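# Overview (structure and organization)
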Amino acid sequence: MKIELIPAIDIIDGKCVRLTKGDYSLKKVYNEDPVAQAREFEQLGFERLHVVDLDGAKSKHIVNDKVLKAITTSTRLRVDFGGGIKTEEDIEKAFDAGAEMVTAGSIAVTHPELFLQWIERYGTNRMILGADVRNGKISINGWKEDSAEDLLPFLAKYVEAGVKNVLCTDISKDGTLAGPAIDLYRQIMDRYPTLHLIASGGVSSSQDMLMLQEAGIPATVFGKAWYEGKINLKDLGL
């Protein structure tokens, strides 16, 4: 099966940026205009886009919904949106702004009953469980805090509840161009072979994506490697 390739646009102050290991002090701006960046991805043949509201993740509520709406009204990309999703109002804002899917992670740790209500209300196809991992523990609130939740047991309770889509980021790899945590993602897929797992963090080249595909990982998000010119579309068949 061909791996689903999902470019990422992370937003701070309305600009397209990347962080390193989630550190806001290590911010690099790659495009002043996220909408133009989204259009470029669409023109290159990508069909889906991962948008992260980093201001929202830090503020614990959606901040950049207007940027999201500008992207969804200017392209035909299927957008999944995350960052600052703490309330039903945040979810409604994201959907109203054109997001096809919403990623929520912190709330699944702090208020699991609420996340399960969202799954029931909006459906498993529109909700993505965010599982951001640092040293084996789930990290929350824009990666500012580490919870006591271990990754696999955390996933287990939600897979049993019907979750189908999981975005897993190895924070130690994110923005480092050090290569993805393939063993970690393979471990998840071995345990939950029907899961639509989106691997995130560390992708440094087209070859990394092909390795994830060979490992049976359904999808991957990439950002910095693209912006740094390290991905060759010909290698990926686009």
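Scroll up to find the structure this text is about.
Note that the coordinates shown come from a computational prediction; the quantities given were computed from them, not determined experimentally. (Residues numbered from 1 in each chain as written. Predicted model: local features only at pLDDT ≥ 70, side-chain atom pairs only at ≥ 80, totals over all residues. Heavy atoms only, no water.)

### Regarding the overall build of the protein chain
Of regular secondary structure, the protein chain possesses 11 helices and 12 strands. Taking 2.2 N^0.38 as the reference for a compact globule, 238 residues should give roughly 18 Å; the C-alpha atoms of the protein chain span a radius of gyration of 16 Å, in line with that estimate. Structurally, the protein chain occupies a C-alpha span of about 40 × 40 × 35 Å along its principal axes. The 238 residues of the protein chain split such that 58% are buried. The contacts in the protein chain between residues at least 6 apart in sequence include a share of 65% that link residues at least 24 apart. Accessible surface computed for the protein chain: about 10300 Å², of which carbon and sulfur atoms make up 46%. Computing the positive centroid from 29 side-chain charges and the negative centroid from 35, the protein chain places the two 3 Å apart. (Helix = DSSP H or I, 4+ residues; strand = E, 2+ residues; numbered from the N terminus. Rg over C-alpha atoms; globule rule 2.2 N^0.38 Å. Buried < 20%, exposed > 50% of the residue type's maximum accessible area, 1.4 Å probe, protein only. Contact = heavy atoms within 4.5 Å. Areas by Shrake-Rupley, 256 points an atom, 1.4 Å probe, with all protein chains shown as cover. Lys, Arg positive; Asp, Glu negative; His and termini not counted. Charge placed at Lys NZ, Arg CZ, Asp CG, Glu CD.)

### Regarding the pairing of strand 8 (residues 137-140)
Taken together, the 2 bridges between strand 7 (residues 127-134) and strand 8 define a ladder with antiparallel strand orientation. By the bridge assignment for strand 8, V133 is matched with I138. One ladder, built from 3 bridges, connects strand 8 with strand 9 (residues 145-150); its direction is antiparallel. When the sheet's bridge partners are listed, I140 is paired in strand 9 with E145. (Pairing = 2+ DSSP bridges.)

### Observations regarding the packing of helix 7 (residues 151-160) against helix 8 (residues 182-191)
Running from N to C, helix 7 and helix 8 point in directions that differ by 35°, and their axes come no closer than 11 Å. When you trace helix 7 past helix 8, the crossing you get is right-handed. Contacts from L151, L152 and L155 in helix 7 reach L184, Q187, I188 and R191 in helix 8. Class assignment for the residues of the contact of helix 7 with helix 8 results in 5 nonpolar, 1 polar and 1 charged. (Axes fitted to C-alpha atoms, helices over the stretch in contact; angles between N-to-C directions. Left-handed = near helix turned anticlockwise from the far one by under 90°. Nonpolar A, V, L, I, M, F, W, Y, C, P; charged D, E, K, R; others polar.)

### Digging into the pattern of salt bridges
Enumeration according to the criterion identifies 12 salt bridges in this entry. In this structure, the salt-bridge partner of E32 is K15, at a minimum N-O distance of 3.5 Å. With a gap of 17 residues between them, E32 in the loop between strand 3 (23-31) and helix 1 (34-43) and K15 in strand 2 (residues 15-20) connect regions that are remote in the sequence. Classification of E32 as exposed rests on a relative accessible area of 54%. The salt bridge involving R186 is made with D183; its shortest N-O contact spans 3.1 Å. Of this pair, R186 and D183 both sit in helix 8, 3 residues apart, roughly one helical turn. The network of salt bridges with common partners includes E4, R48, R78, D80 and E100. (Salt bridge = Lys/Arg side-chain N within 4 Å of Asp/Glu carboxyl O.)

### Let's talk about the nonpolar core
With 71 residues, the main nonpolar core has F115 and L155 as its most contacted residues. Considering every element that reaches this core, the biggest residue donor is helix 7, with 6 residues. Excluding its chain neighbours within four sequence positions, the residues that come into contact with L155 are L129, A131, V166, I188 and Y192. A8, M101, I128 and V221 belong to the second largest nonpolar core, which has 8 residues in total. (Core = buried A, V, L, I, M, F, W, Y, C linked by side-chain atoms within 4.5 Å.)

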